[in-house]
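Notes for the structure review
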Amino acid sequence: MSVVVNRFRVARQLVTRITLMPLLVRAGIFLSALVGLLLAYPVEVLRDQSLVVPFVALLPAVGPRRIWPTLVVLLTAVGWVLAIDGYGRPVSLWRLLAVAAALYLTHTLCALVAVLPYDAVVDPGVIVRWLLRTVAVVLATAVLGVLLVQLAGVGGEQGLSSVTMAGLVVAVTVAALLGWLLRRR
């Protein structure tokens, strides 16, 4: 019983000491995870799960260092596949880009808040710079994605395999560049 009481005391102490910036970042995690889940799942599934989706979106905001961010990303991907294969929703570019942006924003905000203590006093400029880098990555990815989708339509059936190969080349190039940058340190 004393373990439960001690955990309650620690939780109460954390809640009373939390500062504004870590709380706002956690709110951003919740909102981006919620948007990703709502855009990925079909309406027929969401109608029955009106309380489960916000609870699942809250999990990575509460425990960003745990398994919850990965679980939310996987559940969002499952919802996307379920909507397309199970419910016959057509793949629309705007929805795909919005879900990808929400997942990336959830991921990067979880990485930020994982290194911020609850009671950290953070300059708002740090958060703004972090979000500007995130927006730059999302925009660059969206432009590249749109270009690759346009490239896919050029060659008919052959175009799809060429886009797959182009995506593979981009992924390998990015991995090699990151490895080179890491070794440079």
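1. Some words on the overall build of the protein chain
Counting secondary structure elements, the protein chain contains eight helices and zero strands. In sequence order, the protein chain lays out its α and β elements as α-α-α-α-α-α-α-α. If you line up the protein chain on its principal axes, its C-alpha atoms span 65 × 50 × 30 Å. Residue burial in the protein chain is summarised as follows: out of 185 residues, 27% are buried. At a minimum sequence separation of 6, the contacts of the protein chain that also span at least 24 residues come to 72%. Total accessible area computed for the protein chain in this model is approximately 12300 Å², and 73% of it derives from carbon and sulfur atoms. On the protein chain, the mean spot of the 15 positive side-chain charges and the mean spot of the 6 negative ones are 17 Å from each other.

2. Comments concerning the nonpolar core
Listed in full, the 12 residues of the largest apolar core are Met21, Val25, Ile29, Ala61, Leu109, Cys110, Leu112, Val113, Leu116, Ala120, Val122 and Ile127. Of all the elements in the fold, those that place two or more residues in this core are helix 2 (20–40) and helix 6 (93–115). With four residues, the top contributor of residues to this core is helix 6. Excluding residues that lie within four positions of it along the chain, Val25 makes contacts with Leu109, Leu112, Val113 and Ile127. Residues Leu34, Leu46, Ala57 and Val72 belong to the second largest nonpolar core, which totals nine residues.

3. Digging into the side chain of Thr134
In this structure, Thr134 sits in helix 7 (residues 124–152). Its relative accessible area of 5% is what places Thr134 among the buried residues. Not counting chain neighbours up to four residues away, the residues in contact with Thr134 comprise Tyr104, Leu105 and Thr108.

4. Let's talk about the packing of helix 2 against helix 5 (residues 68–86)
In the contact formed by helix 2 and helix 5, the axes pass within 8 Å of each other and the chain directions differ by 20°. By the angle between their axes, helix 2 is roughly parallel relative to helix 5. Seen along the crossing, helix 2 lies across helix 5 with a hand that is left-handed. Here Ala33, Gly36, Leu37 and Ala40 of helix 2 lie close against helix 5, whose contacting residues are Val72, Leu75, Thr76, Gly79, Trp80 and Ala83. Across the contact of helix 2 with helix 5, the residue classes tally to seven nonpolar, three polar and no charged.

5. Some points on helix 1 (residues 2–17)
The terminal C-alpha atoms of helix 1 lie 23 Å apart, and with 16 residues this matches the ideal 22 Å at 1.5 Å per residue to within 8%. Counting buried residues along helix 1, only zero of its 16 residues qualify, which leaves the element largely exposed.

6. Describing the environment of Leu75
As for its position among the elements, Leu75 is in helix 5. By relative accessible area, Leu75 is classed as partly exposed at 29%. Along the chain, Leu75 and Leu178 lie 103 residues apart, while their C-alpha atoms are 28 Å from each other. Non-local contacts of Leu75, meaning those with residues more than four positions away in its chain, are made with Leu37, Tyr41 and Val56.

Procedures and definitions
- Residues numbered from 1 in each chain as written.
- Predicted model: local features only at pLDDT ≥ 70, side-chain atom pairs only at ≥ 80, totals over all residues.
- Heavy atoms only, no water.
- Helix = DSSP H or I, 4+ residues; strand = E, 2+ residues; numbered from the N terminus.
- Buried < 20%, exposed > 50% of the residue type's maximum accessible area, 1.4 Å probe, protein only.
- Contact = heavy atoms within 4.5 Å.
- Areas by Shrake-Rupley, 256 points an atom, 1.4 Å probe, with all protein chains shown as cover.
- Lys, Arg positive; Asp, Glu negative; His and termini not counted.
- Charge placed at Lys NZ, Arg CZ, Asp CG, Glu CD.
- Core = buried A, V, L, I, M, F, W, Y, C linked by side-chain atoms within 4.5 Å.
- Axes fitted to C-alpha atoms, helices over the stretch in contact; angles between N-to-C directions.
- Parallel < 35°, antiparallel > 145°, perpendicular 65-115°, else oblique.
- Left-handed = near helix turned anticlockwise from the far one by under 90°.
- Nonpolar A, V, L, I, M, F, W, Y, C, P; charged D, E, K, R; others polar.
- Expected span 1.5 Å × (residues − 1).

The analysis is restricted to geometry; functional conclusions fall outside its scope.
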